[in-house]
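Take a look at the letters that make up each chain.
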Amino acid sequence: MTGETDPEGDGGATDRSPLDVANPDEPADDYSLTELLAVTAAREIDDGEMAFIGVGMSLISGVLAKYTHAPRCQLVTESGYVGSRPPGVVQSISDSVLGVDSLVATDQMQIFVDNQRGLFDVGIIGAGQIDKYGNTNSTVVTGAEGTYENPKVRLPGSGGSNDIMTSCGRTIVMMRQRARAFTSELDYVTAPGYLDGPGAREELGFPGGGPETVITDMAVFGFDEETKEMYLRSTHPGIEVEEVREMVQWDLNVADDVGTTPVPTRREVAMLRTIDPTDTVLRDTDRIYEIEFDEWADTMERNWKRLMQMEDDE
Amino acid sequence: MSDTHDKTQTLQTAISDHVPDGASIAFGGMGGRDPEAAAREIIRQEKTGLRVVDDARTTLFDAMVGAGCVDEYVGSWVGTSLISQGHNVRRAVEEGVPKDLTMQDVSNFGSSLMFFAGAMNVPFVPTRSMLGTDIAEHNDDIEVIDDPFGSGEPLAAVPAATPDVAIIHVQQADRYGNAHIYGNTVNDHLKVRAADTTIITCEEVVPSETIAESPELTKIPFYTVDSVVEVPFGSHPWHCYGHYYADLPFYREYGLRSQDYEEFQDWLDEWIVPHEEYLENVGADRLARLEELEQTINGGKI
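Residues numbered from 1 in each chain as written. Chains lettered and ligands numbered in written order. Predicted model: local features only at pLDDT ≥ 70, side-chain atom pairs only at ≥ 80, totals over all residues.

Draft legend 1. Inspection of the overall build of chain B at higher detail. Assigned secondary structure in chain B consists of 12 helices and 14 strands. Its C-alpha atoms give chain B a radius of gyration of 19 Å, within 12% of the compact-globule value 19 Å for 302 residues. For chain B, the spread of C-alpha atoms along the three principal axes comes to 60 × 50 × 35 Å. Across the 302 residues in chain B, those meeting the buried criterion constitute 58%. Residue pairs at least 24 apart in sequence account for 74% of intrachain contacts in chain B once pairs closer than 6 positions are excluded. (Helix = DSSP H or I, 4+ residues; strand = E, 2+ residues; numbered from the N terminus. Rg over C-alpha atoms; globule rule 2.2 N^0.38 Å. Buried ≥ 20, exposed ≤ 12 C-beta atoms within 10 Å, placed from the backbone. Contact = placed C-beta atoms within 7 Å.)

Draft legend 2. Geometry of the overall build of chain A. Scanning chain A from N- to C-terminus turns up nine helices and 14 strands. Whereas a compact globule of 314 residues would reach a radius of gyration of roughly 20 Å, chain A reaches 19 Å, a difference of no more than 12%. Overall, chain A is about 55 × 45 × 40 Å in size when its C-alpha atoms are taken along their principal axes. Relative to all contacts within chain A whose residues are 6 or more apart in sequence, the contacts with residues 24 or more apart total 68%.

Draft legend 3. Quick peek at the packing of helix 3 (residues 59–66) of chain B against helix 4 (residues 87–95) of chain B. Residue and element names in this part refer to chain B. Between helix 3 and helix 4, the least distance of the axes is 7 Å, while the angle of their chain directions is 45 degrees. What the angle tells us is that helix 3 and helix 4 run oblique. Crossing of helix 3 over helix 4 shows left-handed handedness. Within the contact between the two elements, helix 3 uses Asp62, Ala63, Val65 and Gly66 and helix 4 uses Asn88, Val89 and Ala92. Along the lines of polarity and charge, the residues of the contact of helix 3 with helix 4 split into four nonpolar, two polar and one charged. (Axes fitted to C-alpha atoms, helices over the stretch in contact; angles between N-to-C directions. Parallel < 35°, antiparallel > 145°, perpendicular 65-115°, else oblique. Left-handed = near helix turned anticlockwise from the far one by under 90°. Nonpolar A, V, L, I, M, F, W, Y, C, P; charged D, E, K, R; others polar.)

Draft legend 4. View of helix 3 (residues 108–116) of chain A. Here helix 3 of chain A has its buried residues at Gln108, Met109, Ile111, Phe112, Asn115 and Gln116 of chain A. Down the axis of helix 3 of chain A, the buried set is contained in an arc of 165 degrees. They therefore lie on one face. Looking at the buried side of helix 3 of chain A, the elements it contacts are strand 1 (50–53), strand 2 (74–76) and helix 4 (161–167) of chain A together with helix 5 (108–120), strand 7 (124–127) and helix 7 (188–194) of chain B. (Arc of directions from axis to C-beta.)

Draft legend 5. Molecular detail of the interface of chain A and chain B. Taken together, the 60 residues of chain A in the interface contact 59 residues of chain B. Put simply, the parts of the chain that give the side of chain A that touches chain B at least two residues each are helix 3, strand 9 (153–154), helix 4, helix 5 (200–204), helix 8 (287–290) and helix 9 (293–313) of chain A. By residue number, the principal contributor to the side of chain A that touches chain B is helix 9 of chain A, which donates seven residues. Taken together, the residues that form the side of chain A that touches chain B break down as 30 nonpolar, 22 polar and eight charged.

Draft legend 6. Highlighting the pairing of strand 13 (residues 230–235) of chain A. All names here are of chain A. Summarising the sheet, strand 12 (residues 219–223) and strand 13 pair through five bridges and their orientation is antiparallel. From the neighbouring strand, Phe221 faces strand 13, where its bridge partner is Leu232. In this antiparallel pair of consecutive strands, strand 12 and strand 13, the connection spans six residues, and Lys228 shows a positive phi of 65 degrees. Here strand 13 runs beside strand 14 (residues 253–260); their pairing, made up of four bridges, is parallel. Bridge pairing in strand 14 links Thr235 to Thr260. In the classification by handedness, the crossover that spans strand 13, the intervening helix 6 (residues 241–246) and the parallel strand 14 is right-handed. (Pairing = 2+ DSSP bridges. Right-handed = clockwise from strand over helix to strand, strands pointing away.)

Draft legend 7. Representation of the sheet that holds strand 9 (residues 154–159) of chain B in the model. Residue and element names in this part refer to chain B. Read across the sheet, three strands follow the order 7-9-8 without closing on themselves; strand pairing throughout is antiparallel. The open sheet has two free edges, formed respectively by strand 7 and strand 8 (143–146), since each of these has just one partner strand. Mean inter-strand twist for the sheet, computed between neighbouring axes without regard to direction, equals 40 degrees.

Draft legend 8. Examining the nonpolar core more closely. Counting 163 residues, the largest nonpolar core has Ala38, Ala51, Ile60, Leu64 and Met174 of chain A together with Met64 and Ile200 of chain B as its most contacted members. Two domains each donate at least three residues to this core, and these are domain 1 (11–105 + 164–298) and domain 2 (123–159) of chain B. Core analysis: the second largest hydrophobic core is formed by five residues, Val140, Leu155, Tyr188 and Val189 of chain A among them. (Core = buried A, V, L, I, M, F, W, Y, C linked by C-beta atoms within 7 Å. Domains from an automatic or database assignment.)

Draft legend 9. Just the confidence of the model for chain A, in detail. Summing up the model confidence of chain A, the mean pLDDT is 92 and the portion of residues at 70 or higher is 94%. For the stretch residues 1–17 of chain A, pLDDT sits under 50, and the model shows 26 contacts to residues farther than four places along the chain or on other chains. (pLDDT = per-residue confidence, 0-100.)

Draft legend 10. Examining the environment of Ala63 of chain B more closely. Structurally, the position occupied by Ala63 of chain B is in helix 3. Residues Ala63 of chain B and Phe233 of chain B, spaced 170 residues apart in sequence, show a C-alpha to C-alpha distance of 18 Å.

Draft legend 11. Representation of the packing of helix 3 of chain A against helix 5 of chain B within the structure. Interhelical geometry of helix 3 of chain A versus helix 5 of chain B gives an angle of 120 degrees and a closest axis separation of 9 Å. On the basis of the axis angle, helix 3 of chain A is oblique to helix 5 of chain B. Along this stretch, helix 3 of chain A crosses helix 5 of chain B, giving a crossing that reads as left-handed. Contacts between helix 3 of chain A and helix 5 of chain B involve Gln108, Met109 and Phe112 of chain A on the former and, on the latter, Asn108, Phe109, Ser112 and Phe116 of chain B. Class assignment for the residues of the contact of helix 3 of chain A with helix 5 of chain B results in four nonpolar, three polar and no charged.

Draft legend 12. Quick peek at unusual backbone geometry. Residue Pro98 of chain B follows Val97 of chain B across a cis peptide bond; omega there is -5 degrees. Here Pro98 of chain B lies in the loop between helix 4 and strand 6 (102–105). Residues His236 of chain B and Pro237 of chain B are joined by a peptide bond in cis, for which omega reads 15 degrees. A positive phi angle, close to 50 degrees, is found at Arg283 of chain A, a residue other than glycine. With respect to the helices, strands and loops of the structure, Arg283 of chain A is situated in the loop between helix 7 (266–275) and helix 8. In this structure, Met130 of chain B is a non-glycine residue whose phi angle is positive, near 75 degrees. Along the polypeptide, Met130 of chain B turns up in the loop between strand 7 and helix 6 (134–138).

Draft legend 13. Up close: the environment of Pro27 of chain A. Positionally, Pro27 of chain A belongs in the segment before helix 1 (33–42). Taking C-alpha positions, Pro27 of chain A is 32 Å from Gly210 of chain A, a pair spaced 183 residues apart along the chain.

Rendered as structure tokens:
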């Protein structure tokens, strides 16, 4: 019961630089903090793992991992696809690019049954708010006056995030570090982190290990093994520890050896931009809001062909 | 029950026959193979008081909410797309515009399980999902129980969903309702079994011989189906695996124009029209290009 399949039959090729990039393993000079967020999350997926990913940033990280350091990881999506190698950005959870090279096309019930059985190694989710125990909220922001029924802001809801956090081997949370996102009191607990502290997950019999890493556009956080509290592991280049602490409502612990997040390689940045040529996911630009239909279609198709050719070449 | 007679109808008749005001409905697909044309017909026929019992919903649900068709939603996720929020859903929940929308949250597995329980004809099924969170706390229909066999393990009991109508879009079906689904199935095979009545819309009505050539693709059998409607491009602006790719610039425009309630009324006037007219307005060249795109990635799979 592992993800150690080798459908490509190439033993897991590791030397992948078919994109025309000079010095692909050198650190990139030109990248955004959202690109760093995506690359850092991709690096959390190990080669050969079963990686359960949602829509948007988590999917682009999964696709990036598959095209770079983890060619034998198998992507799992809740709509029913397993093992896809989408040749581009995934717009929605049943995006037909997930049909490309997929090994399994099943239903949502089966995917979550397998998840609850403990068959998936790592999950990646997004969230609107998070607390120090890694519990997340993606359902409602109630504000001072509001309630669940009459919230200040209605967010999209759990999707699969609750199920992934409950049962995946470990979970990576990707978020934008907005004001009040790292809160001392969640308005609503959508997905379970360590709940109210050590032992709580075990008491409820959760199959999964819970949140392991939180990655934002400012920093990377881990969880203390004893206290289960979140701590600062590294800040992104150019971001100071104090700047991160100011964005966190509780008194944030900082690792003794707090470091700087490793920067992306030139290959990773080039691959990310090839996967999402219209900037649909990371949106460092407004390109996706301005592009006309014909140019959008031509751009998508050109890059799909490039990445599918790359698959064929291996 | 639903036997082997010709169940083909027009879209207009299928919706007027099977979707009364106040009905509870589950829609198929999920950001891909969504029955968008059927939902637009529901809006066009000005249905009201609907209860949508579902999983994750995108543009079709947001548009029905903005048009005032829906009073209540039970499900796992609402939005429109990666590049836009569900503005109509937010307006309805936060401001009661055009009217209040009651929300009842479940997780995605929870939504599969409520249809599974409905399809099994049992009151509930248990899961470990949702325990310890506010989903179980705020959803009065979910009960946390102890394992009746005495292990001491807590479980969340997810109640059965038995919607009045399931509306599912597929690639092909015969006139009796045997429906082939290519690619992923999401929860569609469960929704048709949990629902009292099922409408299948499809890209193409095919002879039963074509179904019989690949019976393993028949995820929805005739005996769960009451109505079959041929609706080419019935999922536009979303994908229909093997047929056409999603029209991102179209649903981007939906997202932008639904930000403001007045502007959304103009969008409704422009796009809530009979399906044939809708396709003419999208344009044959554009639809052909979406087919080409899908051929590039999944050509030869149907």
